[in-house]
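Residue-level listing of the chains:
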Amino acid sequence: MSFYKEKHMLKPTIIAASIAISLAGISQANAEQANTLTQAITEGKASVDVRLRYEGVDQDNALKNANALTVRTRLGYTTADFNGFSALVEFEDSRPVAGVNKYNDALGSNPEYSVIADPKTTEVDQAFLQYKNDQFKARVGRQVIALDNQRFVGHVGWRQDRQTFDAVSFVYSPIKDLDATYAYIGKRNRIFSDVRDVDSKDHLFNLGYKTAIGKISGYGYLLAEDNNTKNNLDTFGIRLAGKRQLDAFGLGYQAEFAQQKSVKEAVEYKANYYLLEGKASFKPLTVTLGYEVLGSDNGNYGFATPLATLHKFNGWADQFLGTPKQGLKDLYLGLSGNIKGHNWGVTYHDFKADVSKDGVSNLGKELDVVLSRKLTDNLTAGVKYAAYMAGDSAAGKVDTNKLWVWTSLAF
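Calculation criteria
- Just so you know, the residues in each chain are numbered from 1, in the order the chain's sequence is written.
- Restriction of local features to residues with pLDDT of at least 70 applies here, the model being predicted, together with a cutoff of 80 or more for giving and counting side-chain atom pairs; totals for whole chains, interfaces and linings are based on all residues.
- In computing side-chain properties, one takes all heavy atoms of the structure into account and sets aside hydrogens as well as water.
- Each patch is built from residues that are more than 30% exposed by relative accessible area and take part in no salt bridge. Like charges join if they lie within 9 Å; nonpolar side chains (Val, Leu, Ile, Met, Phe, Trp, Tyr) join within 5 Å.
- Surface accessibility follows the Shrake-Rupley procedure with a 1.4 Å probe radius. Residue values consider only the protein chains on display as shielding.
- Here, a salt bridge means any side-chain nitrogen of Lys or Arg that lies within 4 Å of a carboxyl oxygen of Asp or Glu.
- Counting from the N terminus, the helices are the DSSP runs of H or I reaching at least four residues and the strands are the DSSP runs of E reaching at least two.
- Only protein chains enter the accessibility calculation, which uses a 1.4 Å probe; a residue is then buried when its area is under 20% of its type maximum, exposed when over 50%, and partly exposed in between.
- Each aromatic pair joins two rings of Phe, Tyr and Trp (for Trp, the six-membered one) with centres within 6.5 Å, and gets the label stacked for planes under 30 degrees apart, edge-to-face for over 60, and tilted for any other angle.
- Placement of a charge over a ring requires the Lys NZ or Arg CZ to be within 6 Å of the ring centre, with the centre-to-atom vector within 35 degrees of the ring normal.
- By nonpolar core we mean a set of buried residues, namely Ala, Val, Leu, Ile, Met, Phe, Trp, Tyr and Cys, connected to one another through side-chain atoms within 4.5 Å.

Caption draft 1: Representation of a nonpolar patch on the surface within the structure. A surface patch of nonpolar side chains, about 660 Å² in accessible area, is lined by Tyr 348, Leu 367, Val 369, Leu 371, Val 383, Tyr 385, Met 389, Leu 403 and Val 405. In this structure, Val 405 sits in strand 18 (residues 400–410). For Val 405, a relative accessible area of 41% corresponds to the partly exposed category.

Caption draft 2: Highlighting the packing of aromatic side chains. Inspection of the entire model under this criterion finds 18 aromatic pairs. With a centroid separation of 5.0 Å and an interplanar angle of 50°, the aromatic rings of Phe 249 and Phe 282 are classed as tilted. Taken as a pair, Phe 249 in strand 11 (residues 249–264) and Phe 282 in strand 12 (residues 267–282) lie far apart in primary sequence, 33 residues in all. Among the residues examined, Phe 249 registers a relative accessible area of 26% and is labelled partly exposed. A relative accessible area of 44% means that Phe 282 is categorised as partly exposed. With centroids separated by 6.1 Å and ring planes inclined at 80°, the aromatic side chains of Phe 320 and Tyr 388 adopt a geometry described as edge-to-face. Highlighted residues: Phe 320 in the loop between strand 13 (285–294) and strand 14 (328–339) and Tyr 388 in strand 17 (residues 379–389), separated in sequence by 68 residues. Each of the two residues, Phe 320 as well as Tyr 388, counts as buried. In textbook terms, an aromatic cluster arises when at least three aromatic residues are bridged by ring pairs, as seen for Phe 152, Tyr 219, Tyr 221, Tyr 273 and Phe 303. Over the aromatic face of Phe 313 sits the side chain of Arg 151, whose NZ or CZ is 4.5 Å from the ring centroid. Stacked on the ring of Trp 316, the Lys or Arg Lys 384 has its end atom at 4.3 Å from the ring centre.

Caption draft 3: Region of interest: the nonpolar core. Residues Ile 145, Phe 152, Val 153, Leu 204 and Tyr 221 are the most contacted members of the largest nonpolar core, which totals 35 residues. Ranked by the residues each element gives to this core, the list is headed by strand 12, at four residues. Counting residues in hydrophobic clusters, the runner-up holds six residues, among them Val 57, Ala 68, Tyr 103 and Tyr 113.

Laid out in structure tokens, this is it:
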């Protein structure tokens, strides 16, 4: 890496640190304060998060069925607060458990098997310095950034190696119910260990205000990979998410619109995003109906969300981690509830192309099922299944079944 590039990436960090130090005299948060720096370090809090998971993948193609039993261990330590400052360091290790592992880890191992994107890795998951008072929070370093429902920026927490960012972030709350967030990302630490991490020059802006009808968010996400090419991806949007309780009836709703413009070398394109979702709760049952559209520019380029928690959207079989060039329409219906401490959910997806082109119109259907239970305050177990049924052959998709069984311990 050149000196110029290092200097460019360090500049936001230096600015953030200077701002945080200058704010040290402002009113401190209500959290308990340490009297000395030594106390702040020694009187911190340790955390442990361990997840053991089996994943199986069966696809209707020439690839062999994949099976993976992996364990992810995350160990962290957060210092106590000292004059508004604190620090967190967190290590993450993910590795296969002997005996059940025949899978393509997406990094070149076992290419004859289907992909299970949980490669072996040991890394620093988070490491940041934080300053916080009643109205302001700043972080400098490697950190989780999750905005709104994580449709555009998230941590991909379902994978064993979650996504974090080398970034500078600020949250300012000048009045009650108003939050202004800005982050500059110099590196995207993706879910494939450090092999596929991406140097970037990303600017994230998000303004959220809580009203009587729900939280209204306006955002602008200006993304660019730092690889000496022109590859801007700019997204601007507005979102409403709220819920109301009417006696025994609960109502939830989301509505969102965004427009995206991109320049890749000499190619320019734009596409729109729409979301409408309603949720009705009658204890112990919740019914969800939604319609999400990731648009297309004349069937040539689809709306992209490279920093999203993608597994959360468009089906758990992960067939649309990248939006098809024809775009994607996802009409989904879900039922969920709790029976004697068991949380369950069933969701059905009907996928269509936004623009029918090159023989692609029907993008398939999917059924997702989950059952989980909190066994103790710290221990959870669950099972999840996804069945994707392919549509038009020209779309390049195949029938795919995935099964997960897991248990997690966190304290």
